[in-house]
Amino acid sequence: MNIMKARYLFIIILLGLISCKEQAPLPADAPEGEITQANSIDGKALYEQNCLNCHGSLATTYKKDVTPTQILTGINNIVRMQYLVFLSDEQILEISNALSSKNPDNISPKISNAAPSGKYPGATTSLNLAVVTDLASNCYYDSIDVGVDEMNGQLFANADKTSHQKAIILSPGASYKFYIHCVDTLHQNVTKVSQLITFSTDLDAVDSTPPVITSTFPNEPYLGGTERAKFYLNSNESASCRYSTDINSNYDQMNTMDTTGTLGHVQTLNSLVSGNSYTYYVLCADPTGNISAKETLNLSVLANVNGSILYQNHCTSCHGSISNSSKSGASSQEIQDAINDIRTMRVESMLFLSPTQIDAISNAL
Ligand code: HEC
Ligand code: HEC
């Protein structure tokens, strides 16, 4: 060895020692003076101490499947690797073995970004079990920690097989526990430790408050001669309301009102008879199925058909008081035609006037 070469080697060894100190601190319990790297033949440990800083972890390194010769070439040619000359041929072989993707001890898929976790609202109906793998893999899950071959279900993978998920249907107030194993597609190496995923759902506050029927209309008899009329209910929350003439009817046996589902509810009655009374029972159910107290509507139609009151209620606003109405002397037919033909008169309250009532108005006019 000439002087130049010796000096060169000295510098390399010095650099190596400095690097070792920085990059691979000795274990705290290492006997003093012993250089563990130089004695160890554990390829994985050797890799982690000497190569990881520059080439990344065993699982992710792009130096996978390198031969001892390639490593030696690196040490001989790459300036930053030259201080690694202290590695023996045996150690380089072990490092090469550790880097082999056929070595199941070292190259198995690693799971990250496992989800979900924590607590979710009880109304959550479904969540995705999800994991990410560093290697292209197929992933499996089970509610107990069994081996991959015994696992019950498989997660769906994306195109490069590194992102995996599966929708799980949930119930309120439940706890969930899943174990996941992944098998890499290239060498069928299995994750060394299963990934545990736990999460739960809240027990939702259940609505047990029935709706309240806050008011009903009308509270006065319908005018004499009324044959068609409406009654109305209001409820304090959105509800679906039903009615019946039978006091013993339950909600299911009743008739659904014409208009219902929100806060105001309407039902049209036909074939009413003057002088008669009608009793309707109503119940309202909220969307959860809570049913209100039964309300009673006492409806009636006055016996006397009073033309001047009917005129006052329906016609005065447009045609003046009955004593000086612009329509005095109008016949029943003219009134009926006007209701059918004049747009402003063709409103529901007019259309609901019975022939008897129109006759009475005509007589009053
Ligand atoms: C201080 C940084 C550093 C350390 C430590 C290091 N290398 Fe390198 N290595 C490099 C650089 C830089 C290259 C050249 C660029 C490349 O190929 O990535 C390289 C290249 C290589 C090559 C390719 C050589 C070729 O000529 O094709 C191999 C194989 C290699 N390193 C293996 C290793 C192994 C095994 C270890 C541990 C014993 C190691 N390296 C430690 C920096 C380092
Ligand atoms: C909202 C306003 C309005 C109300 C309420 C109303 N009318 Fe009229 N009515 C009209 C208008 C507008 C006309 C057409 C112009 C006209 O003839 O005065 C009309 C016309 C008529 C005519 C004449 C039709 C024709 O062919 O010449 C009669 C009869 C009549 N109304 C009777 C009544 C009676 C009875 C009532 C109550 C039951 C009534 N109207 C209520 C607005 C109204």
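Structure first, text after, so check above.
Residues numbered from 1 in each chain as written. Chains lettered and ligands numbered in written order. Predicted model: local features only at pLDDT ≥ 70, side-chain atom pairs only at ≥ 80, totals over all residues. Heavy atoms only, no water.

The relation between two aromatic rings is expressed through the spacing of the ring centres and the mutual angle of the planes. Under the defined criterion, the tally for this structure stands at seven aromatic pairs. Geometrically, the ring pair formed by Tyr 176 and Phe 199 is stacked, given 5.2 Å between the ring centres and 15 degrees between the ring planes. Within this pair, whereas Tyr 176 is found in strand β8 (residues 175-184), its partner Phe 199 is found in strand β9 (residues 195-201), the two being separated by 23 residues in sequence. In this structure Phe 199 comes out as buried when scored by relative accessible area, which is 4%. Counting every residue linked through ring pairs, the aromatic cluster contains Tyr 120, Tyr 141, Tyr 176, Phe 178 and Phe 199. (Phe/Tyr/Trp six-rings, centres within 6.5 Å; stacked < 30°, edge-to-face > 60°. Helix = DSSP H or I, 4+ residues; strand = E, 2+ residues; numbered from the N terminus. Buried < 20%, exposed > 50% of the residue type's maximum accessible area, 1.4 Å probe, protein only.)

Let us look at the site of ligand 1. The environment of ligand 1 is formed by 18 residues, the closest being Cys 51, Cys 54, His 55, Lys 63 and Met 81. In the model, a nitrogen atom of ligand 1 is placed 2.8 Å from a nitrogen or oxygen of the His 55 side chain. For the shell around ligand 1, the secondary structure elements donating two or more residues are α4 (52-55) and α5 (68-77). At four residues, the largest contribution of residues to the shell around ligand 1 is made by α5. In terms of residue class, the shell around ligand 1 is made up of 11 nonpolar, five polar and two charged. (Near = heavy atom within 4 Å. Polar contact = N/O pair within 3.5 Å; in protein donor to acceptor, adjacent residues only side chain to side chain. Nonpolar A, V, L, I, M, F, W, Y, C, P; charged D, E, K, R; others polar.)

Let us now look at the sheet that holds strand β1 (residues 111-115). Backbone hydrogen bonds hold the strands of a sheet together, and the pairing may be parallel or antiparallel. With respect to topology, four strands assemble into an open sheet ordered β1-β3-β7-β6, the strand pairing being antiparallel. The outermost strands of the open sheet, each flanked by one partner alone, are β1 and β6 (156-157). (Pairing = 2+ DSSP bridges.)

Attention now moves to the coordination of the iron atom of ligand 2. In ideal tetrahedral geometry, four donors around a metal make angles of 109.5 degrees, whereas ideal octahedral geometry with six donors gives angles of 90 or 180 degrees. Coordination of the iron atom of ligand 2 by the protein involves His 319 (NE2) and Met 345 (SD), with metal-donor separations of 1.9 to 2.2 Å. For the iron atom of ligand 2, the six donor atoms in the first shell make angles of 83 to 178 degrees at the metal, a pattern classed as octahedral. Here Met 345 lies in the loop between α9 (332-341) and α10 (348-351) and His 319 lies in helix α8 (residues 316-319), a separation of 26 residues in the sequence. When its relative accessible area of 22% is taken as the criterion, His 319 is described as partly exposed. (Donors = N, O, S within 2.8 Å, 3.2 Å for Na, K, Ca; no water. Tetrahedral: all angles 85-135°; square planar, octahedral: opposite > 155°, others 65-115°.)

For the rest of this paragraph, the subject is the pattern of salt bridges. On inspection of all chains with the given rule, the structure shows three salt bridges. Taking the shortest distance from any N to any O, the salt bridge between Glu 348 and Lys 230 comes out at 2.8 Å. Of this pair, Glu 348 sits in helix α10 while Lys 230 sits in strand β11 (residues 229-235); the two residues are 118 residues apart in sequence, bridging distant segments of the chain. With relative accessibility at 40%, the residue Glu 348 sits in the partly exposed group. (Salt bridge = Lys/Arg side-chain N within 4 Å of Asp/Glu carboxyl O.)

Here the iron atom of ligand 1 is held by His 55 (NE2) and Met 81 (SD), and the distances to it run 2.1 Å. One can describe the donor arrangement at the iron atom of ligand 1 as octahedral, given that its six donor atoms subtend angles of 82 to 177 degrees at the metal. Linking His 55 in helix α4 with Met 81 in the loop between α5 and α6 (89-99), this pair joins segments that are 26 residues apart in sequence. For the pair His 55 and Met 81, a shared accessibility class is recorded, and that class is buried.

Just geometry here; none of it tells us what the structure is for.
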